[in-house]
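# Architecture and fold: a report
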Amino acid sequence: ALRANTRVFDSVARYGGEEFAVVMPATDADSAAAAGERLRAAVEGLRFSADSGESFSLTVSVGTVCSGTAGCAAEALLAKADEALYDAKRRGRNRVVNLASA
């Protein structure tokens, strides 16, 4: 669902045990938040079946951040995105929280 809902030049990678990072070059804060919402909705729309035959779905929390300056360190961006992600979780999960810039 993540790769299918990003642009060909975006990068999607697993980052940590349960986290993924999506790097979206040349994307402003509003576009990043909109992309985060598309990804959240795409995951929520997936249906899975357990071995018992029971159907279930998953939800995700999304944190987005944009580089405030061209030379912003990757570590600073990841820290801010992580902050936004945990803010989304604190607010009840299954949502997108956007921090405007790092």
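Above this text is the structure in question.
This one's a predicted model, so the numbers in the text were calculated from it and none came from an experiment. (Residues numbered from 1 in each chain as written. Predicted model: local features only at pLDDT ≥ 70, side-chain atom pairs only at ≥ 80, totals over all residues. Heavy atoms only, no water.)

Scanning all chains against the criterion turns up 1 aromatic pair. Taking 5.6 Å as the distance between ring centres and 25° as the angle between the ring planes, the aromatic pair formed by Phe 48 and Phe 56 counts as stacked. For Phe 56, a relative accessible area of 36% puts it in the partly exposed group. (Phe/Tyr/Trp six-rings, centres within 6.5 Å; stacked < 30°, edge-to-face > 60°. Buried < 20%, exposed > 50% of the residue type's maximum accessible area, 1.4 Å probe, protein only.)

Each α-helix winds once per 3.6 residues, and so residues spaced three or four apart point in a common direction. For helix H1 (residues 29–45), with 17 residues, the first-to-last C-alpha span of 24 Å sits near the 24 Å given by 1.5 Å per residue. The set of residues buried in H1 consists of Ala 29, Ala 32, Ala 35, Gly 36, Leu 39, Arg 40, Ala 42 and Val 43. End-on view of H1: buried residues confined to an arc of 165°, all on one side of the axis. Turning to H1, the residues buried within the fold contact strand E2 (20–23), strand E5 (62–65) and strand E6 (96–99). A distance of 3.3 Å separates the backbone nitrogen of Asp 30 from a side-chain oxygen at the start of H1, and that oxygen is part of Asp 28. (Helix = DSSP H or I, 4+ residues; strand = E, 2+ residues; numbered from the N terminus. Expected span 1.5 Å × (residues − 1). Arc of directions from axis to C-beta. Contact = heavy atoms within 4.5 Å. Polar contact = N/O pair within 3.5 Å; in protein donor to acceptor, adjacent residues only side chain to side chain.)

The next thing to look at is helix H2 (residues 74–90). Under the 1.5 Å per step criterion, the end-to-end length of H2 is 24 Å for 17 residues, consistent within 8% with the ideal 24 Å. Contacts from the buried residues of H2 go to E5 and E6. Remark: Gly 92 follows H2 within two positions and exhibits a positive phi of approximately 120°.

Okay, the nonpolar core next. Nonpolar side chains tend to gather and get buried jointly when the protein is soluble and globular. One finds Val 65, Ala 84, Ala 88, Val 97 and Leu 99 forming the largest nonpolar core, which totals 5 residues. Listing elements by their share of this core, those giving two or more residues are H2 and E6. (Core = buried A, V, L, I, M, F, W, Y, C linked by side-chain atoms within 4.5 Å.)

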